[in-house]
Amino acid sequence: MLKINNLSSRYAQVKVLNKVTLKVKEGEILGLLGRNGAGKSTLLKSIMGLVEVVSGSISLDENILSEQQAHNIPKYGIGYVPQGRRLFPELMVEENLKMGLLVRDSSTDVLDWVLSLFPLLKSRMKQKSGTLSGGEQQMVATARALCLQPKYLLMDEPSEGLMPSMTETILETVEKLKTENVGILLVEQKIEGTLRVSDRIVFMENGSISEESDPQKLAENPESLMKYVGVKARY
Ligand SMILES: Nc1ncnc2c1ncn2[C@@H]1O[C@H](COP(=O)(O)OP(=O)(O)O)[C@@H](O)[C@H]1O
Ligand SMILES: [Mg+2]
């Protein structure tokens, strides 16, 4: 289990997360919703060791990740797809994926598994990543994170800026990964799709987790979403 326990973290002098407690089980999809600036990306960056932890802890099974340096975190089996994708635009798709394989010395069998999830990438291997469409770039970013065969995948707004059909593809991949027993912490703005694929939903507000909800109940009662996401969800 991935456990975040009473975590507070900050950028230089600015404290952002305030006593966040959260668990993600193996093979579970946890949807994390909240307004811009709530601290969602900071939480994912804290798990990856990219933001200073002030107090509290992050652990994966018996390992305490918050005592590890950032470059070691992926080796424990945590994949991270950052907001905005962060590919190496000048590198070919193949090269981006090989960087993913290197992190954990994964074999080419792993690459075959990843490409079976994103068959479209097979025909793009020699293309420079920066020349792909937004949806294809998201596939590469997700595929790269999967190259380390993660037990958990942290996804930060994977559908940002994508057309609806691409958003669907990403959500289908999330569901497929669930069947492969990968636990997913999914940060999203597209509420409807997030409610559909998530097992549980948590809301973040001002750096704290304010409530845990059942996605089905939220879908039946979308007014309750207004408080945390500030938009009227459509169904
Ligand atoms: N690199 C940074 N340095 C200082 N403050 C930051 C930095 N990144 C984010 N913040 C601040 O932390 C808060 C939470 O941001 P973020 O985690 O990106 O929110 P979200 O992902 O929910 O939109 C915001 O107030 C933001 O301004
Ligand atoms: Mg963010």
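Participant: I'd like to hear about the sheet that holds strand 2 (residues 14-24), residue by residue, with values.
Facilitator: Pairing within the open sheet is antiparallel, and its four strands lie in the order 2-1-4-5. At either margin of the open sheet sits one strand with a lone partner, and together these are strand 2 and strand 5 (63-64). Where strand 1 (residues 2-11) lies against strand 4 (residues 52-60), seven bridges are found, and the strand directions are antiparallel. The residue bridging Ser 8 from the neighbouring strand is Ser 55, located in strand 4.

Participant: A description of the coordination of the magnesium ion (ligand 2) should follow, citing residues and the corresponding values.
Facilitator: In this structure, Ser 41 (OG) and Gln 83 (OE1) serve as the protein donors to the magnesium ion (ligand 2), at separations of 2.1 to 2.3 Å. Here the residue Ser 41 occupies a position in helix 1 (residues 40-47), and Gln 83 occupies one in the loop between strand 6 (78-81) and helix 2 (93-103), the gap between them amounting to 42 residues. With a relative accessible area of 18%, Ser 41 lands in the buried category. The exposure class of Gln 83 is partly exposed, given its relative accessible area of 28%.

Participant: Explain the pairing of strand 10 (residues 208-213) residue by residue, including any values.
Facilitator: The pairing of strand 9 (residues 200-205) with strand 10 spans five bridges and is classified as antiparallel. Within strand 10, the residue paired with Phe 203 across the bridge is Glu 211. Where strand 9 folds back on strand 10, the antiparallel hairpin that results is connected by two residues, among which Asn 206 adopts a positive phi of roughly 45°.

Participant: Please set out the sheet that holds strand 7 (residues 152-156) residue by residue, giving values where relevant.
Facilitator: In space, the six strands of this open sheet follow the order 6-7-8-3-9-10, with mixed pairing throughout. Edge positions in the sheet fall to strand 6 and strand 10, since each has one partner strand and no second. Averaged over all neighbouring strand pairs, the angle between strand axes comes to 20°, with direction disregarded. Sheet analysis places strand 3 (residues 29-33) next to strand 8 (residues 183-187), joined by four bridges and oriented parallel. Pairing of Leu 30 across the sheet is with Leu 185, part of strand 8.

Participant: Describe the pairing of strand 4, and please don't skip the residues or the numbers.
Facilitator: Regular strands have side chains that alternate between both faces of the sheet. By the bridge criterion, two bridges tie strand 4 to strand 5 in an arrangement that is antiparallel. Across the sheet, the residue bridging to Leu 60 is Asn 63, located in strand 5. Once strand 4 ends, the chain turns through two residues before running back antiparallel as strand 5, passing Asp 61 with a positive phi of about 50°.

Participant: Mind laying out the site of ligand 1, listing which residues take part and the relevant values?
Facilitator: Around ligand 1 sit Tyr 11, Val 16, Arg 35, Asn 36, Gly 37, Ala 38, Gly 39, Lys 40, Ser 41 and Thr 42, and those are all the residues in its vicinity. Measuring from an oxygen atom of ligand 1, one finds a backbone N or O atom of Ala 38 at 3.2 Å. The side chain of Ser 41 places a nitrogen or oxygen atom 2.9 Å from an oxygen atom of ligand 1. Protein chains shield 59% of the accessible area of ligand 1, which is 560 Å² for the free molecule. Looking at the shell around ligand 1 element by element, the count peaks at three residues for helix 1. Looking at the shell around ligand 1 residue by residue, the classes come out as three nonpolar, five polar and two charged.

Reading the values: the criteria
Residues numbered from 1 in each chain as written. Chains lettered and ligands numbered in written order. Predicted model: local features only at pLDDT ≥ 70, side-chain atom pairs only at ≥ 80, totals over all residues. Heavy atoms only, no water. Pairing = 2+ DSSP bridges. Helix = DSSP H or I, 4+ residues; strand = E, 2+ residues; numbered from the N terminus. Donors = N, O, S within 2.8 Å, 3.2 Å for Na, K, Ca; no water. Buried < 20%, exposed > 50% of the residue type's maximum accessible area, 1.4 Å probe, protein only. Axes fitted to C-alpha atoms, helices over the stretch in contact; angles between N-to-C directions. Near = heavy atom within 4 Å. Polar contact = N/O pair within 3.5 Å; in protein donor to acceptor, adjacent residues only side chain to side chain. Areas by Shrake-Rupley, 256 points an atom, 1.4 Å probe, with all protein chains shown as cover. Nonpolar A, V, L, I, M, F, W, Y, C, P; charged D, E, K, R; others polar.

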